[in-house]
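Each chain is listed here by its residues.
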There are 2 protein chains.
Amino acid sequence: MRIKTPYLLFLGEGDQAKTSSGVAYWRPEICAGQLRLPGCSVDLGLADISIEEAASKGVKTLLIGVAPHGGKMPAHWVEVIRQALLAGLDIAAGLHTRIASIPEVRQLADSLGRQVFDVRHPDREFAVGTGELRSGKRLLTVGTDCEVGKMFTALALQREMRQRGMQADFRATGQTGIFIAGTGVSVDAVVSDFVSGAAEFLSPAATDEHWDLVEGQGCLLHPAYAAVTLGLVHGSQPQAMVLCHVAGRESLIGFPRYRIPSFTRCVALYEEAASLTSPGARCIGMSINTSRLDADAATRYLAEAEQETGLPCVDAVRTGVGRLVDILQ
Amino acid sequence: MRIKTPYLLFLGEGDQAKTSSGVAYWRPEICAGQLRLPGCSVDLGLADISIEEAASKGVKTLLIGVAPHGGKMPAHWVEVIRQALLAGLDIAAGLHTRIASIPEVRQLADSLGRQVFDVRHPDREFAVGTGELRSGKRLLTVGTDCEVGKMFTALALQREMRQRGMQADFRATGQTGIFIAGTGVSVDAVVSDFVSGAAEFLSPAATDEHWDLVEGQGCLLHPAYAAVTLGLVHGSQPQAMVLCHVAGRESLIGFPRYRIPSFTRCVALYEEAASLTSPGARCIGMSINTSRLDADAATRYLAEAEQETGLPCVDAVRTGVGRLVDILQ
């Protein structure tokens, strides 16, 4: 899978655009414009352009990061997709519904030679994990919960490391990350027998100086998603991990019975799990989203986390991730 | 899914019949006969009967538990399947290839109103796990590795518990277990996001006196399969676990770099993992296959395991599982 850029970001009638805004934030240079339908209440600050304008500007792919209301693909969205295909664009979608399974989309794309990427659905089969030690360095972002900045942190690390001249590649495991990287594996959609094998595929052997920065998923202490997380931890074979957290989060989103344990406990748990395939794997620090706190409270929060864990604790936005990269260097 | 019995066991040209022999061992009363093709070198000790004889004896399902050589379904196997469908039988297969995806099988089955079960492939979608505490009691067999008797132990427990008048249902998670129970979920074929949800579905809320005996899969310390295991541990929400092992096994089958740690360490690891969704979950004992040892060595091995773990350690064949059931009572 290699999604061609630049993108036209389709926002539909959406009132949120988490995926698309992530792409626009991290890769503004590949976002040529946005396409909004009547009723759309979000604005990514990009030029509003039509499919025809996009095609004339060299846009290669219509990116569908928003889900339709009610989940079902409305006919007028299918028409937008048809127009994009006719104008010469590929389609990349991050929906639970497979765009490529809509017969008229499939047929038109085939007849025109366009590609349709359903990034939530693996486009290949994977082998089972081998657990064999491989060369190269890997860092996996892990979390106290879902939605704690694991993708953001991995991308911030990539940016900082590349600025310092280090060899660093972000490895995407979720839909937004895949749009940003143009490739990747949606690991939570992989059959469970092959999750660690998919993670091995995603971060293959490399030179000793090279870092793969693997986007983590879920949480080892999550009653629904820990299986995904453990397979990703084992397959990624990380030498280094960064524990991500949102300041103030005390229980898992949507699972109020599940309290988040201490940072020290989380660090120990991830290090123990990772050590199976990567002996000596260490959490090298924390990345904490303190955006809900004022500057003073954020500083205190990070200091307390450092006190507790004995590790550098950064906010990827407020402080940057430089202190984490210092350790990797 | 509810596979109708009795079965005709199709052995093809096989030289092993692990799946079918498991079914014949645990459920001889539902195995009406075996169907062997020229070149077949196994014999389950059942009557060799033709499809027509099977149909006349009331057989409901042709069970295909052996894989063809080379993995590809040969034309003469398809012909056997066709004959079985025409004679009034359903088909149940445990192959990686989906029988139901063979067009002529699909069409004939549809036209005749027969069912085709591909038990390695889930026949429904699952929700994500909830982690909500549910009523009823559940025991999960867990392992130091794959192929250590997790299914055998769960079935032995069911037999012993039912003999004592306890309410106990075996819950199958692999192909052989599904053939034996007539239903179940092949959890390693479930998309990783839904593994714990599938395990919740498989062992639903029940009365306080009722035990589900859930067949475990894989091993938490397995570089390829731990994700499956963890999802099953979390979703099964077991109050009790039995750690299964094969005497003399020192490293994971096919993964010689991965040494099996001490029993005490395994017990602690499973108890910690299970406690997330089932606070207080305990390993109540071990089930050890000592078949490679002579009687004296087996007795010593079990005694040493008891010494190490402080738990009753049985061999489900040699000693029976009565001491484990004593604890559950």
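Parameters at a glance
- Residues numbered from 1 in each chain as written.
- Chains lettered and ligands numbered in written order.
- Predicted model: local features only at pLDDT ≥ 70, side-chain atom pairs only at ≥ 80, totals over all residues.
- Heavy atoms only, no water.
- Phe/Tyr/Trp six-rings, centres within 6.5 Å; stacked < 30°, edge-to-face > 60°.
- Helix = DSSP H or I, 4+ residues; strand = E, 2+ residues; numbered from the N terminus.
- Buried < 20%, exposed > 50% of the residue type's maximum accessible area, 1.4 Å probe, protein only.
- Contact = heavy atoms within 4.5 Å.
- Buried area = accessible area lost by both parts, 1.4 Å probe.
- Salt bridge = Lys/Arg side-chain N within 4 Å of Asp/Glu carboxyl O.
- Polar contact = N/O pair within 3.5 Å; in protein donor to acceptor, adjacent residues only side chain to side chain.

(A) Summary view of the packing of aromatic side chains. As enumerated under the stated definition, the model contains ten aromatic pairs over all chains in all. Ring geometry for F126 of chain A versus F201 of chain A: centroids 5.4 Å apart, planes at 65 degrees, classification edge-to-face. A residue pair is termed long-range when its members are at least 10 positions apart, and F126 of chain A in the loop between β5 (116–118) and β6 (137–143) and F201 of chain A in helix α7 (residues 195–202) qualify at 75 residues. Residue classification places F126 of chain A among the buried positions, given a relative accessible area of 11%. When the ring of Y25 of chain B is compared with that of F152 of chain B, the centres are 5.5 Å apart and the planes differ by 40 degrees; the resulting orientation is tilted. Of the two residues, Y25 of chain B sits in helix α1 (residues 18–26) while F152 of chain B sits in helix α5 (residues 150–163), which places them 127 residues apart along the sequence. Of the aromatic side chains, those joined through ring pairs into one cluster are Y25, W26 and F152 of chain A.

(B) Highlighting the interface of chain A and chain B. On the side of chain B, 35 residues touch chain A, which itself brings 35 residues to the contact. When the two sides are added together, the surface that chain A and chain B hide from each other amounts to roughly 2800 Å², 53% of it contributed by carbon and sulfur. Looking only at chain A, the three residues that lose the most surface to chain B are S192, R257 and L276 of chain A, adding up to 20% of its buried area. A salt bridge links E272 of chain A to R265 of chain B; the nearest nitrogen and oxygen atoms lie 3.3 Å apart. Applying the counting rule to chain A against chain B returns 18 residue pairs in polar contact (both at pLDDT 80 or more). Listed by contribution, the elements that provide at least two residues to the side of chain A that touches chain B are α7, α8 (226–236), β11 (255–259) and α9 (263–274) of chain A.

(C) Structural detail: the side chain of T176 of chain B. Residue and element names in this part refer to chain B. Structurally, T176 can be placed in helix α6 (residues 175–181). A polar atom in the side chain of T176 sits 3.3 Å from the side chain of T19. Those residues in contact with T176 that sit more than four places away from it in its chain are T19, G22, V23 and M151.

(D) Region of interest: the environment of L37 of chain A. All names here are of chain A. Its location among the elements puts L37 in the loop between β2 (31–36) and α2 (51–56). Residue classification places L37 among the buried residues on the basis of a relative accessible area of 16%. The spacing of L37 and T5 is 32 residues in sequence and 22 Å in space, taken between C-alpha atoms. Residues contacting L37, with those up to four places away along its chain left out, are F10, G12, E13, H76, W77 and V80.

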